[in-house]
Amino acid sequence: MLNKLESLLAKTDIELSLEQKQQLVAYVGMLNKWNKAYNLTSVRDPDLMLVRHIMDSIVVNPYLHGTRFIDVGTGPGLPGIPLAIVRPDAHFTLLDSLGKRVRFLRQVQHELGLANIEPVQSRVEAFIPEPLFDGVISRAFASLQDMLSWCRHLTKPLEGRFYALKGALPKDELAQLPREIKLDTIIPLQVIDLDEQRHLVILKSN
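Residues numbered from 1 in each chain as written. Predicted model: local features only at pLDDT ≥ 70, side-chain atom pairs only at ≥ 80, totals over all residues. Heavy atoms only, no water.

Sorry if this is basic, but what is going on with the nonpolar core here?
Generally speaking, a soluble globular protein has its nonpolar side chains buried in company with each other. Within the largest apolar cluster, 48 residues are counted, with the highest numbers of intra-cluster contacts made by Tyr27, Ile81, Phe92 and Phe104. Sequence-distant contacts of Tyr27, that is, excluding residues within four places in its chain, are made with Ile54, Pro76, Gly77, Leu78, Ile81, Pro82, Phe104, Val108 and Leu112. (Core = buried A, V, L, I, M, F, W, Y, C linked by side-chain atoms within 4.5 Å. Buried < 20%, exposed > 50% of the residue type's maximum accessible area, 1.4 Å probe, protein only. Contact = heavy atoms within 4.5 Å.)

Here it is in structure tokens:
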């Protein structure tokens, strides 16, 4: 698994320490083990998890601004845990409403010694952040409108950003953004060994 991850990273300009690589591989191992009982992801092959979960998550790291983020609808910790591993100077709150997922996240936190994550079981609309976050990250929401509707209260006014991990570019959703939200950037992403479209849509308040 470590060799497979290193071969994937070698095709990118992402540089990680041996400890970071080992943590990412250990996370995939835990995800694969717990998946059998907890059904955390539809991806069953650990090698595919490296591509579809690890590489697909950490490719957005260079575009995150700030040090405090919340991964909303994190599920088994995606993209929050891989990002926390490759960005140890930032803090990631991992929010999910399902207890079994949060139990898994706490076990990952314990086994991997991740001091920069905080798993939280809560519905997003009920979660009151203190202090506010630099950015909301999610690949769980059906639409940009849903993300903004549920998460507006989580970020700092003006400087806070919303990072939506998308497949194909959601042109219809972008055309219907609320007046008080502006499109900051659209970044086409290239995920190694994944022949599918990926885009990072970054929004901010006016």
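So, next bit.
How do you make sense of the side chain of Thr74 when you look at a structure like this?
Tracing the chain through its elements places Thr74 in the loop between β1 (68–72) and α4 (80–86). The class for Thr74 is buried, based on a relative accessible area of 2%. Looking at Thr74, its side chain comes within polar contact range of the side chain of Asp71, at 2.7 Å. (Helix = DSSP H or I, 4+ residues; strand = E, 2+ residues; numbered from the N terminus. Polar contact = N/O pair within 3.5 Å; in protein donor to acceptor, adjacent residues only side chain to side chain.)

Please clarify how the packing of helix α1 (residues 2–9) against helix α3 (residues 46–58) should be interpreted in this entry.
Geometrically, a packed helix pair is captured by the angle between its two axes and the distance between the axes. One can describe the packing of α1 onto α3 by two numbers: an axis separation of 11 Å at closest approach and a directional angle of 45 degrees. Looking at the two axes, α1 sits oblique to α3. Crossing handedness for the pair α1 and α3: right-handed. Across the interface between the two elements, Lys4, Leu5, Leu8 and Leu9 from α1 touch Asp47, Leu50, Val51, Ile54, Met55 and Ile58 from α3. Classifying every residue of the contact of α1 with α3 gives 8 nonpolar, no polar and 2 charged. (Axes fitted to C-alpha atoms, helices over the stretch in contact; angles between N-to-C directions. Parallel < 35°, antiparallel > 145°, perpendicular 65-115°, else oblique. Left-handed = near helix turned anticlockwise from the far one by under 90°. Nonpolar A, V, L, I, M, F, W, Y, C, P; charged D, E, K, R; others polar.)

What should I look at first to understand the UniProt feature "binding site: S-adenosyl-L-methionine" (unreviewed entry) in the protein chain in this one?
UniProt records the feature "binding site: S-adenosyl-L-methionine" (unreviewed entry) at Gly73, Leu78, Val124, Glu125 and Arg139, using the numbering of this structure. The topology assignment puts Gly73 in the loop between β1 and α4. Gly73 has contacts with Leu95, Asp96 and Ala140, leaving out every residue within four places of it along the chain. Locating Leu78 in the fold gives a position in the loop between β1 and α4. Not counting residues up to four positions away in its chain, the partners in contact with Leu78 are Tyr27, His53, Ser57, Asp71 and Arg139. (UniProt positions renumbered as here; feature names shortened; annotations may be inferred.)

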